[in-house]
Amino acid sequence: MFEGKEVDYQPPVAQPIIQLTDVSVSYRLPSERIGTFKEYAIRKLQRKIKINKFWALTDINLHVNRGEVFGLIGNNGAGKSTMLKVISKVLKPTKGRVVVYGKIAPLLELGAGFHPELSGRENVFLNGALLGYSRSEMESVFDEIVEFSELEQFINAPVRTYSSGMFARLGFAVATAHVPEILILDEILSVGDEAFQRKCNLRMKNFQQSGTTVLMVSHALDMLEKMCNRVAWIDKGTIRKMGEPHEAISAYREVNL
Amino acid sequence: MHKKVTLLASNSKPVYDSANNRVSAISELKELGKYRYLLGQLIRRDILTRYKRSALGVAWTMLNPLGTMLILTFVFSNFFKSALPNYPVYILSGLLVWNFFSQGTNAAISGLVWGGTLLKRIYIPSSVFGVSAIGTALVNLVLSLVPLVIVILVTGAPFFASMAFLPVSILLITAFTLGFGLFISSLAVFFPDVAEMYQVLLTAWMYLTPIIYPESLIPEKWLPLYKINPMYWMVKMFRLPIFEGRLPTWQEFLPALAWAIGMLVIGWVYFTSKTEEYAYRV
């Protein structure tokens, strides 16, 4: 898959590819959701539409350098996923500014967007389209996707007949078919059996060597310590510690374990 | 508004900058253009999967309106016999427009809700779901012209040269449906009850539009009220060339044109003005 589209290897020098400046993100609390017009009208009249904001991120300053593997750790609800979303254009920051100097390939939760009644083949193209690829871009990697996911015999069967492992393998193969400039991983590196895991990890390493910047969220701290150049510990929407993987992870462990 | 930021890598152009990335009616159109392959894929998916497990498959697109027409003809043709010489053609031509509108707008609502689970995770221009919903309905409308032709042949009704006007009619109806579909789907994101209320509204709306009964049945004094209804004009655009064998007059054409363009602009502008909130709200 790497033939013909070599990416120059760029050493991780201080050349930021992702830059967050004073970024804050607020959500409305779910209890505040107004479901009906009647409710809305009444509250509007009573001027009771309180904006109960919950700040998922507050004043985040951070940059990720080109070619870096950057890890995010923290407890559930600390704001890690929100951070990934704000970087990948899914959420607009409530305050502050996000600048990204490269094309982002988000690793969609594997198989999200698959239609159970469609065949594996049809789903490859549908999923690729959801990730923003064109027809020709998908056609050029189709055979490679089938080979990588080891689904040669099943590719024309509807995916509702797939096992969950097959489902996830196909999803991973589609999402990583192209060498991305920036890859975003949200806790999804545990796909399939051990043999397939090894293939995934090998692919990740190849990406790194091709200069892909990787931004990953995970609770697998040992893996992060091995893979990352830097790690940030997010706690209650702020950066508690950022730097060498070992430093950030042991600081996090001290408090939480 | 935004603090001045010294960009560390000011030599290269950013691919994404939240500070100058306001979603507007124009920018969303450009994004939709970039995602046109997805648009085609979604339409394909919806058409292929709707009848995937049924034996007759896509043929149901044509059999469905035919069946409804047969039932309505059986029930009502005696009532309207004097006013409508060829009731099956009359009802089918009205029904096709109505089905297109109600299916398209409903699919726009469910499409955005379904797409919402994706919009929370990856970036996709949110209008792609509404536009593909109307695209699917449009394919179904074109397919259902086949049973219309069959019914005309079977009932011995004449074919008119005015039928060449139908592409224009379909264009107007599509523009109106797209605008309305985007508007109502956007509303349904913020008020989940809208999706349910809309079903009731649709039923009432259908009976307020002369689809199964002749226009001559409407009392004279109510006629001005009927003419506020945009679907009155949309049905007319489609039915006149088929049933009466004439082109619409300017007095009939201009209201339809105004509704089509007006609704499309309003729907698109409203929908895109809310785009940034969908990922938070769906």
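As the structure is a computational prediction, the values presented were derived from the model and not from experiment.

A tally of helices and strands in chain B yields twelve helices and one strand. In chain B, the order of α-helices and β-strands from amino to carboxyl end is β-α-α-α-α-α-α-α-α-α-α-α-α. Its C-alpha atoms put chain B at 80 × 50 × 35 Å along the principal axes. Looking at chain B as a whole, 39% of its 282 residues are labelled buried. Within chain B, residue pairs in contact and separated by at least 24 positions form 80% of the contacts whose partners lie at least 6 positions apart.

A count of helices and strands for chain A gives eight helices and nine strands. When contacts within chain A are restricted to residue pairs at least 6 apart in sequence, long-range pairs at least 24 apart make up 75% of them.

All names here are of chain B. Relative orientation of the contacting elements helix 4 (residues 87-119) and helix 7 (residues 166-190) amounts to 35°, with a least axis distance of 8 Å. As for the relative orientation of helix 4 and helix 7, their crossing is right-handed in sense. Between helix 4 and helix 7, the contacting residues are Val 97, Phe 100, Phe 101, Gly 104, Thr 105, Ala 108, Ile 109 and Leu 112 on the first element and Ile 173, Thr 177, Phe 180, Gly 181, Leu 182, Ile 184, Ser 185, Ala 188 and Val 189 on the second.

Here we come to the confidence of the model for chain B. Residues and elements named next belong to chain B. Model confidence for chain B is summarised by a mean pLDDT of 88, while 94% of its residues fall at 70 or above. Long-range and interchain partners of residues 1-11, a stretch whose pLDDT sits below 50, account for 13 contacts in this model, where long-range means more than four residues apart. Across the interfaces of the predicted complex, the ipTM metric reaches 0.82, alongside a pTM of 0.86.

What follows is about the interface of chain A and chain B. One widely used convention gives an interface's size as the accessible area the parts lose upon coming together. Counting residues at the interface gives 39 residues for chain A, matched by 33 residues for chain B. When contributions to the side of chain A that touches chain B are tallied by element, the ones reaching two or more residues are strand 1 (16-28), strand 4 (95-100) and helix 3 (120-130) of chain A. With five residues, the top contributor of residues to the side of chain A that touches chain B is strand 1 of chain A. Taken together, the residues of the side of chain A that touches chain B sort by class into 19 nonpolar, twelve polar and eight charged.

Before going further, it helps to spend a moment on the packing of helix 3 of chain A against helix 4 (residues 135-149) of chain A. All names here are of chain A. As a packed pair, helix 3 and helix 4 sit with axes 11 Å apart at the nearest point and diverge in direction by 130°. What the angle tells us is that helix 3 and helix 4 run oblique. When the axes of helix 3 and helix 4 are compared, the crossing they make is right-handed. Facing helix 3, whose interface residues are Val 124, Phe 125 and Gly 128, helix 4 presents Met 138, Phe 142 and Ile 145. Looking at side-chain class alone, the contact of helix 3 with helix 4 contains five nonpolar, one polar and no charged residues.

Moving on, we get to the confidence of the model for chain A. In the predicted model, chain A carries a mean pLDDT of 84, and the fraction of residues at 70 or more is 84%. Low pLDDT (under 50) marks residues 1-5 of chain A, which in the prediction has six contacts with non-local residues, meaning those over four places away or in another chain.

Membership of the largest hydrophobic core comes to 139 residues, with the highest contact counts inside it found for Leu 215 of chain A together with Val 97, Phe 176 and Met 234 of chain B. Among the elements that make up this core, the one with the highest residue count is helix 4 of chain B (17 residues). Setting aside chain neighbours within four positions, we find Phe 176 of chain B in contact with Pro 230, Met 234, Trp 259, Ala 260, Met 263 and Leu 264 of chain B.

Buried residues dominate helix 3 of chain A, accounting for ten of its eleven residues. Inspection of helix 3 of chain A places Gly 120, Glu 122, Asn 123, Val 124, Phe 125, Leu 126, Asn 127, Gly 128, Ala 129 and Leu 130 of chain A among the buried residues, and these make up the whole buried set.

This part takes up the sheet that holds strand 1 of chain A. The antiparallel open sheet is built from four strands, whose spatial order is 2(A)-1(A)-4(A)-1(B). Either end of the sheet is taken by a strand with one partner, and the two such strands are strand 2 (53-65) of chain A together with strand 1 (16-17) of chain B. Bridge count for strand 4 of chain A against strand 1 of chain B is two bridges, and the pairing is antiparallel. When the sheet's bridge partners are listed, Val 100 of chain A is paired in strand 1 of chain B with Tyr 16 of chain B.

Quick look at helix 6 (residues 194-209) of chain A now. In this model helix 6 of chain A runs 23 Å from its N-terminal to its C-terminal C-alpha over 16 residues, within 8% of the 22 Å that 1.5 Å per residue would give. Of the residues trailing helix 6 of chain A, Gly 211 of chain A is marked for its positive phi of about 95°.

Residue and element names in this part refer to chain A. Within the open sheet, the six strands sit side by side as 5-6-7-3-8-9. Their pairing is mixed. This sheet does not close on itself; its edge strands, each paired only once, are strand 5 (104-106) and strand 9 (238-243). Ignoring strand direction, the axes of neighbouring strands in this sheet form an average angle of 20°. Along the sheet face, helix 2 (residues 80-87) touches strand 3 (69-73), strand 6 (182-186), strand 7 (213-217) and strand 8 (230-235) and points at about 150° away from the line of strand 7.

The subject of this paragraph is the pairing of strand 6 of chain A. Residues and elements named next belong to chain A. Burial of strand 6 is extensive: five of the five residues sit out of reach of the surface. On strand 6, burial covers both faces: Ile 182, Ile 184 and Asp 186 on one face and Leu 183 and Leu 185 on the other are all buried. Pairing analysis gives three bridges linking strand 5 to strand 6, with the strands arranged parallel. Among the inter-strand pairings, Ile 104 is bridged to a residue of strand 6, identified as Ile 182.

Cut-off values and rules
- Residues numbered from 1 in each chain as written.
- Chains lettered and ligands numbered in written order.
- Predicted model: local features only at pLDDT ≥ 70, side-chain atom pairs only at ≥ 80, totals over all residues.
- Helix = DSSP H or I, 4+ residues; strand = E, 2+ residues; numbered from the N terminus.
- Buried ≥ 20, exposed ≤ 12 C-beta atoms within 10 Å, placed from the backbone.
- Contact = placed C-beta atoms within 7 Å.
- Axes fitted to C-alpha atoms, helices over the stretch in contact; angles between N-to-C directions.
- Left-handed = near helix turned anticlockwise from the far one by under 90°.
- pLDDT = per-residue confidence, 0-100.
- Nonpolar A, V, L, I, M, F, W, Y, C, P; charged D, E, K, R; others polar.
- Parallel < 35°, antiparallel > 145°, perpendicular 65-115°, else oblique.
- Core = buried A, V, L, I, M, F, W, Y, C linked by C-beta atoms within 7 Å.
- Pairing = 2+ DSSP bridges.
- Expected span 1.5 Å × (residues − 1).

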